[in-house]
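Inside the fold
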Amino acid sequence: MTEFLADTTTLSRIQFAITAIFHMLWPVLTTGMAIYLIIIEGLWLKTRNLDYYRHARFWSRLYVLNFGIGVASGLPMAFQFGLNWAPFSESVGDFFGTVLGFEGTMAFMLEASFLGIMLFGWERVPPIIHFISTILVAVGANLSTFWILAANSWLQTPAGGEFVNGKFVVQDYFQAIANPFMVNSFLHMFFATLETSLFVIGGISAWYVLNKRHAEFFSKSLKVVLAVAILIAPLQIFVGHLSAEQVYHHQPAKLAAMEAQWETVPAGQPAAWSLVALPNDRAERNEWELKIPGALSYLLELKPTLDQPVRGLKSWQPENRPHMVGLIYYSFRIMVAIGLFLAALMTVSAIQWVRGKLAAEVITQQTWLMRAWVFAAPLGYLAVETGWIVRCVGRQPWLVYGELRTLDAASKLPAGEVLFSLTGLTIMYVIFLGAALYFGGRIIRKGPNLELQAPLVGNQPKLGLELAQHAPDQRPAEARQ
Amino acid sequence: MEPLQPLQNFLPQVWFFILGLFLFLYVLLDGFDLGVGILSLTASSEERRSILMTSLGNVWDANETWLILMGGSLFGAFPLAYATILNALYIPAVIMVVGLILRAVSFEFRENADNKLVWNIAFGVGSFLAALGQGFALGSVFEGITVDADGHFAGGVWDWLTWRSVIVSLTLIQAYVLVGSTYLILKTSGELQATHYKTATIATWTTLAGAVFITVSTPLLSDNARELLFSVPMVYIFGTIPVLGVLLVFLLLRSLKRREENTPIIWTFLLFSLSFIGLGFIIFPNIIPPSVTIYQAAASPSSLVFMLTFIGFLIPIVLAYNVYNYIVFRGKVIGATYE
């Protein structure tokens, strides 16, 4: 059992998985929430209704908490490629490094620089500059998603060049960036961040409504969330479906693992869709299974019988197919189930909205609906994590699909070194997750500041005119960001 | 290939310069950031610490981002160097990353905590660890990184830890404390400012001592450096740097004594620039000192051109909005807000 403690590659893989799984939790929220903040600030500027301004200030408190931890937990990601995956970095650095460089300069710097103005600049810059800063923060965050997904998609479907003596030589950068997986992967993730944030904001709003705290105030944010979710939730299912089709065409071994399909279904036959199963990697079969006949053929090709065969896992040599089939199989199902649940919740809520049941005076009566929203709040995270498990564990044993094996891509480090960093990072991440939940909970319990007045720009004295003694901050706690 | 030769020399040089610029901006900007973090350990009251933290609130993210830019660009432009250097410096890099994580999260948690003590300490310790890790990395540049014929790391786990790298690391920490102090002189007033005139003066002397040691020991202990330093015309450049350095230290100490507010940070920035130029001359044309050159470690010319087209175009824009950010938040910090 403890063999892996001496295996650098396994330790590096665990470290990457842990840093990625933890890191993901924070940018997923901030990337989507940035778009929500644009909407809410836009509503404030348009309607001059102070409630929207107070919403913007309240949610940006949660934003900054998550952003700070997101940056911090992302640092090991930025360095890990060189630290633990040096042969990989060297082999594909020409392209992969370029894309990460783009992410830093184009996207991350934009977000980090305008964040200061977005958070602390209310009283210092004119409203329009503030609004532009909020937009630029969101643009930066979503550009990050774009570049990271371009890089990861390239790992799934490497295009735009070829491997010569183990080193990737780029022939066409644009082709490499626009690799077959890129468009759908980006859209899928873009919608995922937005959907996760919307349901977090919606869930928190519903929690206030349930507790009859500022119900009118939070019915506003819930409706903004609902209005956007009506568009996003069905689109996400559609894009998710397109992504699965892509996997079928480009990574059939991953598809076989997602479906726990051990035997090949030849062309011209109907394929059954497995609903629940107990996959056994060692025995190369499912111990137990519940199937819907013909459903997979419809899912993949919208036809009762298949044009292309669905290859089973057994048709690959064991060293060329993904392991941990159960993990991939159930991660995929959890993700899909959550996507469907969120779309259903959105539909029911929309119907109630149309029936006038979400009006400020009656919304507190929607107990069950509000409970469902609270329940839905963490589900987006779970869907994102399981989705990435399918994507990256399903790609194994390849780091660059079909070209570079994970085994050959790891640094030859002493296992003790990796164990040192793995232990340190894991302990820190666990503590930070606990602290983030605790402090996030505190911000929520404390609630918004409903006394906050509109920002007065330019009422400060000019710089350095007087050597003021440090006066204690007399603003309400809410305003101290 | 012959007509491409000038281009193949030129592009890695351009990227060496760009990476140098990113690293320099990082060291300067996150330098004062980390320095303020280390100084926060000495703050005598919660109120003072609040002022220290507020002075960083709007800038620390962007400052730290220069490091991410540097990492990403090094990965893209010199993949071999990125892989080898991080392999060689695994432990210092992890110490730095852990430090940066600690300080970033403490910064956010502290805002929301009732009991701030734990997060205050974590913030200061994190800043110290980040500076320490970077100091060891800098020390390894002087020591050199052992590589095989392909430029892969071939040294031991503890190569980065020598008595000389300890001194280099301590010097870097002092330098960060110095630039942090001068930043606080600029951003604060009253008693707090008075304290940092003191810390700035002390840090000037300790940094100077470290710098003198590094300047003297480098040619004495390293054969490569000696050859480079005493060759014409380099000897003139290396002769000028210490003279200018001493002049700047004099100006800095004088400005501190006269209680000037804006000039100490300017002299400090110039001192940083001078050291940085000196370091650049010692390393160039290597990227993995002492033996792998930028030409060996560079990505393909097409990659370098592609990156240059986009990143090069963005650099002025990025610089412009960073400057704008500093302009918006200019002025003194009072309490937990800006004046």
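Below: a short report on this structure.

What follows is about the overall build of chain B. Within chain B, the regular secondary structure consists of 13 helices and four strands. Taken over C-alpha atoms, the radius of gyration comes to 20 Å for chain B, in line with the 20 Å a tight globule of 339 residues would show. Dimensions along the principal axes, computed over C-alpha positions, put chain B at roughly 65 × 40 × 40 Å. Each of the 339 residues in chain B was classed as buried or not, and the buried ones make up 59%. For chain B, long-range pairs separated by at least 24 residues make up 80% of all intrachain contacts whose partners lie at least 6 apart in sequence. Working note: accessible area of chain B is about 13,000 Å², and carbon and sulfur atoms make up 73% of it. For chain B, the distance from the average site of its 15 positive side-chain charges to the average site of its 20 negative ones is 14 Å.

A separate point is the packing of aromatic side chains. By the definition in use, this model includes 52 aromatic pairs over all chains. For the ring pair F16 of chain A and F81 of chain A, a centre distance of 5.8 Å and an interplane angle of 55° mean the geometry is tilted. Of this pair, F16 of chain A sits in helix α1 (residues 8-47) while F81 of chain A sits in helix α2 (residues 50-84), and the two are 65 residues apart along the sequence. A residue is classified by how much of its surface remains accessible, and F16 of chain A, at 25% relative accessible area, is partly exposed. By relative accessible area, which is 13% here, F81 of chain A ends up buried. Measuring from ring centre to ring centre gives 6.0 Å for F81 of chain A and F88 of chain A, while their planes differ by 40°; the resulting arrangement is tilted. Within the aromatic cluster, the residues linked to one another by ring pairs are F102, F146, W147, Y173, F174, F186, F190 and F191 of chain A together with F306 and F310 of chain B. It is R333 of chain A that lies over the ring of Y329 of chain A; its NZ or CZ is 3.8 Å from the centre. Above the plane of the ring of W388 of chain A lies R391 of chain A, whose end atom (NZ or CZ) is 5.5 Å from the centre.

Below, the discussion takes up the interface of chain A and chain B. Reports often express the size of an interface as the amount of accessible area lost when the parts come together. In this assembly, 81 residues from chain A lie in contact with 74 residues from chain B. Between chain A and chain B, roughly 6,800 Å² of surface is buried when both sides are summed, and carbon and sulfur atoms account for 71% of that area. Counting across the chain A and chain B interface gives one salt bridge. For R442 of chain A, the salt bridge identified is with D114 of chain B, shortest N-O distance 2.9 Å. It is helix α3 (residues 86-120) of chain A that provides the largest number of residues to the side of chain A that touches chain B, a total of 25 residues. Class assignment for the residues of the side of chain A that touches chain B results in 49 nonpolar, 21 polar and 11 charged.

Here we come to the packing of α2 of chain A against helix α7 (residues 215-250) of chain A. Residues and elements named next belong to chain A. Axis separation between α2 and α7 bottoms out at 11 Å; the angle between their running directions is 75°. In terms of orientation, α2 lies roughly perpendicular with respect to α7. Listed contacts from α7 to D51, Y52, R54, H55, F58 and W59 of α2 are F217, F218, K220 and S221. Classifying every residue of the contact of α2 with α7 gives five nonpolar, two polar and three charged.

With six bridges connecting them, strand β3 (residues 273-280) of chain A and strand β4 (residues 285-292) of chain A associate as antiparallel partners. Across the sheet, residue S274 of chain A finds its bridge partner in β4 of chain A, namely K291 of chain A.

Take the side chain of S243 of chain A next. Within the fold, S243 of chain A resides in helix α7. What S243 of chain A contacts, discounting residues up to four positions off in sequence, is N184 and H188 of chain A.

In this section: the pattern of salt bridges. Residues and elements named next belong to chain B. Summed over the entire model, instances satisfying the criterion amount to 15 salt bridges over all chains. Here R164 makes a salt bridge to E143, at a shortest N to O gap of 3.4 Å. On the criterion of sequence distance, the pair formed by R164 in helix α7 (residues 163-187) and E143 in helix α6 (residues 117-143) is long-range, its members being 21 residues apart. Under the relative-accessibility criterion, E143 is labelled partly exposed at 33%. A salt bridge links K332 to E261, with the nearest nitrogen and oxygen atoms 3.2 Å apart. Taken as a pair, K332 in the loop between α13 (301-328) and β3 (333-334) and E261 in the loop between α10 (234-257) and α11 (263-283) lie far apart in primary sequence, 71 residues in all. According to the relative accessible area criterion, K332 is buried, its value standing at 4%.

Rules used throughout
Residues numbered from 1 in each chain as written. Chains lettered and ligands numbered in written order. Predicted model: local features only at pLDDT ≥ 70, side-chain atom pairs only at ≥ 80, totals over all residues. Heavy atoms only, no water. Helix = DSSP H or I, 4+ residues; strand = E, 2+ residues; numbered from the N terminus. Rg over C-alpha atoms; globule rule 2.2 N^0.38 Å. Buried < 20%, exposed > 50% of the residue type's maximum accessible area, 1.4 Å probe, protein only. Contact = heavy atoms within 4.5 Å. Areas by Shrake-Rupley, 256 points an atom, 1.4 Å probe, with all protein chains shown as cover. Lys, Arg positive; Asp, Glu negative; His and termini not counted. Charge placed at Lys NZ, Arg CZ, Asp CG, Glu CD. Phe/Tyr/Trp six-rings, centres within 6.5 Å; stacked < 30°, edge-to-face > 60°. Lys NZ or Arg CZ within 6 Å of the ring centre and 35° of its normal. Buried area = accessible area lost by both parts, 1.4 Å probe. Salt bridge = Lys/Arg side-chain N within 4 Å of Asp/Glu carboxyl O. Nonpolar A, V, L, I, M, F, W, Y, C, P; charged D, E, K, R; others polar. Axes fitted to C-alpha atoms, helices over the stretch in contact; angles between N-to-C directions. Parallel < 35°, antiparallel > 145°, perpendicular 65-115°, else oblique. Pairing = 2+ DSSP bridges.

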